[in-house]
Amino acid sequence: MSNNRGRGLQANALGTFDTVVMAVAGSAPAYSIAATTAVLVGAVGLASPAALLYCAIPMLGIALAFSRLGRIDVNAGASYSWVGRTLHPFLGFLSGWALVVSTTIFMVAGSLPAGSMTLALFDEELAENTALSTLVGACWFLVMLLVVLGGARLTVRAQIVMSGVELAILALFAVLALFHSGNARAFDWSWLGFGHFDGAAGFASGALIAAFYYWGWDVTSNLSEETRNSRRTTGLAGLIGVGVVFLLFEVFTIAVNVILSSRQIQENDANVLAVLGEEVWPGWGGKLLIVAVMLSTIATLETTLIQVTRSLFAMGRDHTMPSALGRVHRRWNTPWVAVAVVGVVALAMFVAANSLGTVGDILSDAISAIGLQIAVYYGLAGLAAVVAYRKMLLTSVGDFVLGGLWPLFGALFMFWIFFESLGELSGSAIVIGLGGIAAGLVPMLWYWRQGSDYYRPAKLDATRTVEAEYVPAGGDGNDSLVHEGLPTDF
C-alpha cells in the first residue's frame, strides 16, 4: 500500500464513551426493530427471537475478529485493508466494495423511513406517500451529510443527543411491555428453539435478515484513525455495541410476538414499533416510538455515512479508487470529496427509488440485498483474523477460542447463510445484492492494471508486531504499531 498518506483525518477526536455510542447507534436499535421485524416475521414467523439469538453468537465472533485485527492495523478502511493484507488484495477490495455498496443502498432504504416517520408525527396518511417520504428523507440525509462533513467531534455530539433520547424511550417501553396485559398470545420458550424454522433454508433466510439487524457496530473500526487508543477502544466498543443491541432486539421481538397479532405485523410492515407503542400506551405510545424510530434512523444515516466515506477515503489514499477520494478538508479534517460524491450518488438513487413501489416494498428487497453484502465482508474479515493470528492460536486457550475458533465459526456461518439463502430470496434482492458486488470488479481490475501499491501488500501477521514500540502515524498524533519489515505508515 502507499506510504504517502498526505493530510490525515482528525486524530484523537473520539474517546471510549464516544465510540461505544457510535457502535450502538450504528446498529440503529429502534429503526432495525421498526423496519425489519415485519420482514423477519414474514421469513421465520414466531422463530424471530431465535433467529436473532443464533445470529448473535457468530456475530460476536466477527466482532472479536474486528477487535483483534484492529490491534495490529489501524486503518479507516478496516476490512478492506485487513482482508487485502491477509487473504488477497482482490478479496480485500471486494470486501471494502461490499461495504460501500451496502451502505449506499442503506442510505436510500434508511432515508425513506426517516421521511415517513417524520410525516407520521403530523399525518399518518402522508407517511404512506412514497414521493413525499423520499423528499423529507432526502432533507434529513443532507443534514447528516453536513454534520459528517463538519468533523468527528461534531458527529459524535449529534450522535450522543439522538441516541440518548432513542435509548431512553426504548428502555421505558421495554418496562411497559413487561406489564402489558392485553396480549395476542402467551410467551413460549419454543420461540428460542429451532422448532419454528422451516428447515435449514428457512433458518438461513432468517439469519440473513438478523445479520442486517446487527450490522453497523463496525463503524468503530472505520473511525480508528480518529479514536484515542484505537487499538483497544474500537474493538471493545464494537463488542459492547453488539451486546447492547442484542438485548434490545430480543426484548422487543419477544414483545412483538406476545402483544401483536400476525395481521397487525403484516399491515404495518414499515413501522411495527409504532403499533406496539400504541398497544402498550394508547395515545402517546405510538407517537413516542415514532420519535425514537425517527431519531434512530437519522442517527444510523450518520454512522453509515461515516463508514462509506472513510472506506472510500482509504481506497482513494491507496489509489484503488480515484485519488481525489483521499483528500481531506484543511479545516474539518474530513474526506470532503468522498462525502460530496456519496451525497450526489445517494440523491440520484432517491429519485430512482420513487419508481420502485411503496416504502415497505423497497425496504424488503433492500434489507435482503444488504444482508448478502454484509455476509460477504463480515465473513472475509473473520477469516482474515484467523490468518493474521494463525501462528499464535496454540499459545493459550484464550487465543485459540477468541482468536481462532470463534472468529472462524462466525466467518463460516456468514458464508453459509449467504449461499443457503440465495434460493429463498426474490430475484430483485439477488440482483441488487450480487450485482452490486460484481460492479466492483470494474474499478478493481482497472486500478490493479494501473499498478496501485495496494495490490503488492506487506502481509499482516500478528507475530511480527513489536508490541513495545510505537511511532506516530503520518505525524497526525495517532499511534501506529511498528511491524518488522513494514513501513510505519500502512
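Rules used in this analysis
Residues numbered from 1 in each chain as written. Predicted model: local features only at pLDDT ≥ 70, side-chain atom pairs only at ≥ 80, totals over all residues. Heavy atoms only, no water. Helix = DSSP H or I, 4+ residues; strand = E, 2+ residues; numbered from the N terminus. Rg over C-alpha atoms; globule rule 2.2 N^0.38 Å. Buried < 20%, exposed > 50% of the residue type's maximum accessible area, 1.4 Å probe, protein only. Areas by Shrake-Rupley, 256 points an atom, 1.4 Å probe, with all protein chains shown as cover. Lys, Arg positive; Asp, Glu negative; His and termini not counted. Charge placed at Lys NZ, Arg CZ, Asp CG, Glu CD. Patch = residues over 30% accessible without salt bridge, like charges linked within 9 Å, V, L, I, M, F, W, Y side chains within 5 Å. Salt bridge = Lys/Arg side-chain N within 4 Å of Asp/Glu carboxyl O. Contact = heavy atoms within 4.5 Å. Phe/Tyr/Trp six-rings, centres within 6.5 Å; stacked < 30°, edge-to-face > 60°. pLDDT = per-residue confidence, 0-100. Core = buried A, V, L, I, M, F, W, Y, C linked by side-chain atoms within 4.5 Å. Axes fitted to C-alpha atoms, helices over the stretch in contact; angles between N-to-C directions. Parallel < 35°, antiparallel > 145°, perpendicular 65-115°, else oblique. Left-handed = near helix turned anticlockwise from the far one by under 90°. Nonpolar A, V, L, I, M, F, W, Y, C, P; charged D, E, K, R; others polar. Polar contact = N/O pair within 3.5 Å; in protein donor to acceptor, adjacent residues only side chain to side chain.

## Observations concerning the overall build of the protein
Then, in step 1: Of regular secondary structure, the protein possesses 18 helices and two strands.
Then, in step 2: Its C-alpha radius of gyration of 21 Å places the protein within 12% of the 23 Å reference for a compact globule of 490 residues.
Then, in step 3: Projecting the C-alpha coordinates of the protein onto the three principal axes gives extents of approximately 65 × 50 × 40 Å.
Then, in step 4: Classification of the 490 residues of the protein by burial places 61% in the buried group.
Then, in step 5: In the form shown here, the protein has an accessible surface area of approximately 17,700 Å², with 66% of it arising from carbon and sulfur atoms.
Then, in step 6: In the protein, 24 positive and 32 negative side-chain charges are present, and the distance between their average locations comes to 14 Å.

## Observations concerning a nonpolar patch on the surface
Then, in step 1: Side chains of Leu394, Val397, Phe400, Val401, Leu402 and Leu405 sit close together on the surface and give an oily, nonpolar patch of about 580 Å² of accessible area.
Then, in step 2: Looking at the element boundaries, leucine 394 is found in the loop between helix H15 (359–388) and helix H16 (397–421).

## Topic: the side chain of threonine 233
Then, in step 1: Assignment of secondary structure puts threonine 233 in helix H10 (residues 230–259).
Then, in step 2: Look at threonine 233 and you get buried, because its relative accessible area is 1%.
Then, in step 3: In this structure threonine 233 touches Gly15, Thr16, Thr19, Thr227 and Arg228, once residues within four positions along its chain are discounted.

## Focus: a negative patch on the surface
Then, in step 1: A grouping of Asp123, Glu124, Glu125, Glu128 and Glu278 is seen on the molecular surface, where their side chains present a negatively charged patch.
Then, in step 2: Mapped onto the elements of the fold, glutamate 128 is located in the loop between helix H5 (89–120) and helix H6 (130–149).
Then, in step 3: A relative accessible area of 65% means that glutamate 128 is categorised as exposed.

## Notes on the packing of aromatic side chains
Then, in step 1: Inspection of every chain in the model, using the stated rule, returns 28 aromatic pairs.
Then, in step 2: Ring geometry for phenylalanine 173 against tryptophan 281: centres 6.2 Å apart, planes inclined by 35°, an arrangement best described as tilted. Note that phenylalanine 173 is positioned in helix H7 (residues 152–178) and tryptophan 281 in the loop between helix H12 (272–280) and helix H13 (285–317), a separation of 108 residues in sequence.
Then, in step 3: On the basis of relative accessible area, phenylalanine 173 is assigned to the buried category, the value being 2%.
Then, in step 4: Note on tryptophan 281: relative accessible area 35%, which makes it partly exposed.
Then, in step 5: Both rings, one in phenylalanine 194 and one in phenylalanine 197, keep their centres 6.2 Å apart while their planes meet at 45°; by these two values the pair is tilted.

## Here we look at the confidence of the model for the protein
Then, in step 1: Counting all residues, the mean pLDDT for the protein is 86, and 90% of those residues have values of 70 or more.
Then, in step 2: At the low end of the mean pLDDT range in the protein sits strand S2 (residues 479–483), at 37; at the high end sits helix H4 (residues 79–86), at 96.
Then, in step 3: Here residues 1–5 scores under 50 on pLDDT; set against residues more than four positions off or in separate chains, the count is 20 contacts.
Then, in step 4: Confidence over residues 466–490 falls short of pLDDT 50; this stretch has 62 contacts with residues more than four positions distant or in other chains.

## With respect to the nonpolar core
Then, in step 1: Within the largest apolar cluster, 151 residues are counted, with the highest numbers of intra-cluster contacts made by Met59, Phe93, Phe252, Leu273, Leu276, Leu312 and Tyr378.
Then, in step 2: In terms of residue count, H5 provides more of this core than any other element does, 16 residues in total.
Then, in step 3: If near-sequence neighbours (up to four positions away) are discounted, phenylalanine 252 is found in contact with Ile33, Leu170, Phe173, Ala174, Leu273 and Leu276.

## Some thoughts on the packing of helix H3 (residues 48–72) against H16
Then, in step 1: Remark: H3 packs on H16, axes separated minimally by 7 Å, with the N-to-C direction vectors making an angle of 125°. The angle between the axes of H3 and H16 places the two elements in the oblique class. In the crossing of H3 with H16, the sense of the turn from one axis to the other is left-handed. Contacts between H3 and H16 involve Tyr54, Cys55, Ile57, Pro58, Met59, Leu60, Gly61, Ile62, Leu64, Ala65 and Arg68 on the former and, on the latter, Asp399, Leu402, Gly403, Trp406, Pro407, Phe409, Gly410, Ala411, Phe413 and Met414.
Then, in step 2: A breakdown of the residues in the contact of H3 with H16 according to their chemical character gives 16 nonpolar, three polar and two charged.

## Looking at the pattern of salt bridges
Then, in step 1: According to the stated counting rule, one finds six salt bridges in the structure shown.
Then, in step 2: Aspartate 399 is the partner of arginine 68 in a salt bridge, and the nearest nitrogen-oxygen pair spans 3.1 Å. Taken together, the residues arginine 68 in helix H3 and aspartate 399 in helix H16 connect sequence positions 331 residues apart.
Then, in step 3: Relative accessible area serves as the criterion here: at 6%, arginine 68 is assigned to the buried category.
Then, in step 4: Measuring nitrogen to oxygen at the nearest pair gives 3.2 Å for the salt bridge that ties aspartate 461 to lysine 391. On the criterion of sequence distance, the pair formed by aspartate 461 in the loop between helix H18 (441–449) and strand S1 (465–472) and lysine 391 in the loop between H15 and H16 is long-range, its members being 70 residues apart.

## Digging into the side chain of threonine 304
Then, in step 1: If you trace the backbone, threonine 304 turns up in helix H13.
Then, in step 2: For threonine 304, the side chain forms a polar contact with the main-chain oxygen of threonine 300, separated by 2.6 Å.
Then, in step 3: Residues in contact with threonine 304, not counting those within four places in the same chain, are Thr103, Phe106 and Met107.

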